[in-house]
Amino acid sequence: MNEADIQSFWNANPCGDHIVGGLHGAFADNYERFFTAYDRWRYRQESHIPACLDRIDWSGREVLEIGLGQGAESEQLIRRGAKWSGLDLTPESVERVRARLSVRDLPYQDLRQGTALSIPWPDNSFDMVFSHGVLHHIPDIRVAQAEIRRVLRPGGTLVAMLYARHSLNYQVSIRLVRRAMLAAAYPLRNANLLPKSATLRAHLSNAERVGLRSYLDLDTFTHRNTDGPHNPYARVYTPEEVAAEFPDFEVVESFKRYMHAPPLPIRRLPGERRMGWHLWVVLRARTAERPCG
């Protein structure tokens, strides 16, 4: 998977932009109105996020956030006392977050465009790294985790939200329901009998391009079913897979939140601690062993 494809997708589709009408569309580049509407939607939809952030002491810590989206969590961290710096792969996100911090007069240390595969800060720059919903979009995660470890001070902390393998969304909605729906719709794709859904049409187009059997391969289908049918890459994790893929860290804590499994109407049901879509992990950087002798 080419990082340029991932950058191009997210630059054209900033997280959640289309859901609230679009900064450059319905809000006509009025940043304050857009951020107010976006935050209202985000924390209504994912109301668990502030409480998850409150489990961590950010105050006075030098924190690097990797993957910024619209800067909603950036603002949350700064308001919790973090000495915040931000890194995003896309120029669109960097400019939006810069605008957010400016219009809301929020202090920060630094804000840069760049890749998590080569983080543009020196060794031992940060006490903590935070990343919400981003690291699962990085194919070369071993390289990224080594870079995160490099810029953290000894004993530093990585807090991340990753998509959960043991979730209702992955195990039932993506693996079973959505694949079955697409398989049933595919023979009817040219019969004008299907709902006028742009998302469904995009999935059918994808399946026609690579072949239905190939498109329904679980890894391929997962890429296209976490953040829209054009998303280039996504994967899911268990805490055990986090431990294996982040060898420079030890897992200190993990927990799940957010009942989310469209098209199933389950958002308000209990069970997020067992089958939630968001796997939060707190990792501690391993201390390099000194050679003997």
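Not measured: the values here are computed from a predicted model.

> Explain helix α9 (residues 198–210) here, please?
For an α-helix, 3.6 residues make a turn, and residues three or four places apart therefore share a direction. Over its 13 residues, α9 runs 19 Å from end to end, which matches the ideal 18 Å to within 8%, given 1.5 Å per residue. Along α9, the residues that are buried comprise Leu-200, Ala-202, His-203, Leu-204, Asn-206 and Ala-207. Buried residues belonging to α9 abut α8 (168–185) and α10 (212–215). Taken from the residues just after α9, Gly-211 is the one with a positive phi, measuring 95°.

> Got a minute to help me understand the packing of helix α3 (residues 31–45) against helix α5 (residues 72–79) in this structure?
Helix packing for two helices is described by the angle between their axes and how far apart those axes are. Between α3 and α5, whose axes approach to 10 Å, the crossing angle comes to 85°. Considered as vectors, α3 and α5 are oriented roughly perpendicular to each other. Residues Tyr-38, Asp-39, Arg-42 and Tyr-43 of α3 lie in contact with α5, whose contacting residues are Ala-72, Glu-73, Glu-75 and Gln-76. Residue classes in the contact of α3 with α5 are distributed as 3 nonpolar, 1 polar and 4 charged.

> I tried to follow unusual backbone geometry on my own but got confused; where do I start?
Generally, phi is negative for residues other than glycine and the peptide bonds are trans, each holding for most cases. Put simply, Pro-262 and Pro-263 share a cis peptide bond, and its omega is 10°. Residue position: Pro-263 is located in the loop between β6 (249–257) and α13 (272–275). With phi around 45°, Ala-28 is a residue other than glycine that occupies positive phi space. Within the fold, Ala-28 resides in the loop between α2 (22–26) and α3. If you check the backbone angles, Asp-105 has positive phi at about 55° while not being a glycine. Mapped onto the secondary structure, Asp-105 falls in the loop between α6 (91–103) and β3 (110–113). In this structure Asp-105 comes out as exposed when scored by relative accessible area, which is 68%.

Each value, and the rule that gives it
- Residues numbered from 1 in each chain as written.
- Predicted model: local features only at pLDDT ≥ 70, side-chain atom pairs only at ≥ 80, totals over all residues.
- Heavy atoms only, no water.
- Helix = DSSP H or I, 4+ residues; strand = E, 2+ residues; numbered from the N terminus.
- Expected span 1.5 Å × (residues − 1).
- Buried < 20%, exposed > 50% of the residue type's maximum accessible area, 1.4 Å probe, protein only.
- Contact = heavy atoms within 4.5 Å.
- Axes fitted to C-alpha atoms, helices over the stretch in contact; angles between N-to-C directions.
- Parallel < 35°, antiparallel > 145°, perpendicular 65-115°, else oblique.
- Nonpolar A, V, L, I, M, F, W, Y, C, P; charged D, E, K, R; others polar.

Honestly, that's just the spatial picture; any functional story needs more than this.
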